[in-house]
Amino acid sequence: MTDVTDGVLHTLFHSDQGGHEQVVLCQDRASGLKAVIAIHSTALGPALGGTRFYPYASEEAAVADALNLSRGMSYKNAMAGLDHGGGKAVIIGDPERIKSEELLLAYGRFVASLGGRYVTACDVGTYVADMDVVARECRWTTGRSPENGGAGDSSVLTAYGVFQGMRASAQHEWGDPTLRGRKVGVAGVGKVGHYLVEHLLEDGAEVVVTDVREESVRRITDKFPQVRVARDTDELIRAESLGGLDIYAPCALGGALNDETVPVLTARIVCGAANNQLAHPGVEKDLADRRILYAPDYVVNAGGVIQVADELHGFDFDRCKAKASKIFETTLAIFARAKEDGIPPAAAADRIAEQRMAEARRR
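Thresholds, definitions, all that
Numbers given to residues run from 1 along each chain, matching the order in which its sequence is written. Only residues with pLDDT of at least 70 get local features here, since the model is predicted, and only at 80 or more are side-chain atom pairs given and counted; chain-wide, interface and lining totals rely on the full set of residues. Calculation of side-chain values draws on the structure's entire complement of heavy atoms; hydrogens and water are dropped beforehand. Angles here are taken between N-to-C directions and fall from 0 to 180 degrees, while the axes themselves are lines fitted to C-alpha atoms, restricted in helices to the stretch in contact. In DSSP terms, a helix is any run of H or I states spanning at least four residues, a strand is any run of E spanning at least two, and both are numbered starting from the N terminus. By the definition adopted for this analysis, an angle is roughly parallel if under 35 degrees, roughly antiparallel if over 145, roughly perpendicular if from 65 to 115, and oblique otherwise. By convention the crossing between two helices is left-handed if the near helix lies anticlockwise of the far one by an angle smaller than a right angle, and right-handed if it lies clockwise. It only takes one pair of heavy atoms within 4.5 Å for two residues to be counted as in contact. As used here, the term nonpolar core means buried Ala, Val, Leu, Ile, Met, Phe, Trp, Tyr and Cys residues forming a set that is joined through side-chain atoms within 4.5 Å. Buried, partly exposed and exposed residues are distinguished by accessible area as a fraction of the type maximum, computed with a 1.4 Å probe on protein chains only: under 20%, between the cut-offs, and over 50%, respectively. Residues enter patches when their relative accessible area tops 30% and they take part in no salt bridge; the joining distance is 9 Å for like charges and 5 Å for the nonpolar side chains Val, Leu, Ile, Met, Phe, Trp and Tyr. All accessible-area figures derive from a Shrake-Rupley calculation using a 1.4 Å probe, and residue coverage is judged against the displayed protein chains alone. Whenever Lys or Arg places a side-chain nitrogen within 4 Å of a carboxyl oxygen from Asp or Glu, that contact is recorded as a salt bridge.

**Remarks on the packing of helix H6 (residues 155-174) against helix H13 (residues 317-325)**
Running from N to C, H6 and H13 point in directions that differ by 30°, and their axes come no closer than 9 Å. With respect to their mutual orientation, H6 and H13 come out roughly parallel. Crossing handedness for the pair H6 and H13: right-handed. For the pair H6 and H13, contact is made by Val156, Leu157, Tyr160, Gly161 and Gln164 and by Phe317, Cys320, Lys321, Ala324 and Ser325, respectively.

See below:
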C-alpha cells in the first residue's frame with residue numbers, strides 16, 4: 001500500500017498529470033467496497049464524472065486511472081461549455097462478482113460525504129440501475145432512470161455528439177458535412193457504438209464493424225444486414241477488402257491509437273467515442289505526420305456528460321440535444337485553432353479548455 005501512496009503523491013505534486021484538488025480513498029469492509037474518488041478541478045463548478053467499476057490489476061493502476069480520467073473530465077466539461085469541473089471515481093473489482101446493493105449504497109455514502117464537490121454518473125461497469133441505488137444515499141447522483149427522476153441512458157446523446165463531430169471532420173477534410181458514400185469503421189458496438197452505427201446508416205455511410213463480443217455484432221447485423229463485419233480491429237483499420245476506410249471510429253476502451261495501429265491506418269479521419277484514445281502524447285504528432293485528421297475524443301464524446309449535467313436542473317431531452325449539436329461547431333473551431341497555431345487538434349482543444357478554466361479561476 002505504501003507504493004500506491006507514494007505513486008499518488010508523486011503524481012499529484014510532481015508530475016505534469018497532477019494538479020488534482022482532492023483524492024479520496026474509500027473502503028467499506030462489510031460490503032467489500034474499495035474505491036477512489038479523484039477531483040481534478042472545481043474551477044468551473046462542482047466536479048462531474050462517472051463511476052468506473054473495473055477489475056484493475058492493482059490498486060496503483062486504479063488510482064492512476066482515476067487521476068487520468070478525472071483530469072480528462074475537466075477538459076471535457078470545459079469544452080462542452082458546462083459549469084462543471086472534472087472528477088472521476090473508480091470501484092476496484094469485477095462487477096460481475098462483487099457488485100451488490102450494499103456496496104453501491106456504501107459508495108453513495110462516500111460520494112455524499114464530499115458535500116456536492118463531486119457529482120457522479122455511469123461509466124464502464126456501472127449502469128442506470130446502479131445510479132438509482134447510489135442515489136438513495138447521495139443526491140449528487142446523475143444518470144438515473146426516468147422513473148427515479150433521471151434522464152436514463154446517456155449513450156444516446158454520446159453517439160449523437162460523436163456523429164456531429166464526425167460531420168464536422170468531414171466538413172473540414174472534404175468540404176461537405178455529409179457521410180454519404182464514406183466508408184466508416186466502428187470498433188466497439190456496445191453502449192454507444194450501436195447508436196452511432198444507426199446515425200451513420202441514416203446519413204448514407206457504408207459501415208463495417210468489429211467487437212470482441214459476438215452478441216454485440218449480431219445485434220447490429222440482425223437489424224442492419226448491410227453492415228459488414230471485420231474479424232478484429234487489425235482487420236478493420238486496414239480494411240483491405242474495402243480498399244481502405246475513410247473514417248475510423250474507436251468506440252471501445254482507450255489506447256486505440258498507438259505505435260502499432262497508427263502506421264497501418266487507412267482512414268483519413270479518426271473520430272470515435274472511446275476515452276483516452278491516444279496511447280501516449282507522441283501519437284498525435286504521428287497522426288499529423290500521416291495527414292490523418294484526429295477529432296479529440298473528449299470533445300466529440302461529450303454528449304453523455306451534457307445529458308447527465310442537464311439532469312441536475314430537470315432533464316429536457318430537446319435542450320440537451322440542442323447542446324450536443326454544438327459539438328459540430330466546437331470541433332470545427334478546434335480544427336481552425338490547430339491550423340492557426342500550427343499544432344495538432346488535441347493540443348488545440350487542450351489550449352481552449354485550459355483558457356476557459358484559467359479565466360474562471362481569475363473571477
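**Remarks on the nonpolar core**
Among the nonpolar cores identified, the biggest contains 34 residues, and Leu33, Ile37, Ile91, Tyr107, Tyr118 and Val305 are the most heavily contacted of them. Elements represented by at least two residues in this core include exactly strand E1 (22-28), strand E2 (33-41), strand E3 (47-48), strand E5 (85-92), helix H4 (101-112), strand E6 (118-119), helix H5 (128-134) and helix H12 (303-311). Among the elements that line this core, the one with the most residues is H4, at six residues. Beyond its immediate sequence surroundings of up to four residues, Tyr107 is in contact with Leu33, Ala35, Ile37, Thr51, Ala89, Ile91, Tyr118, Thr120 and Val134.

**Focus: a nonpolar patch on the surface**
Together, Tyr54, Val124 and Leu253 give the surface a local cluster of nonpolar side chains, amounting to about 250 Å² of exposed area. Residue class for Val124 comes out partly exposed when judged on its relative accessible area of 34%.

**Comments concerning H12**
The buried fraction of H12 amounts to nine of the nine residues, a majority that puts the element mostly inside the structure. Within the sequence span of H12, burial applies to Gly303, Gly304, Val305, Ile306, Gln307, Val308, Ala309, Asp310 and Glu311. On its buried face, H12 sits against E3, helix H2 (59-79), H6, H13 and helix H14 (327-341).

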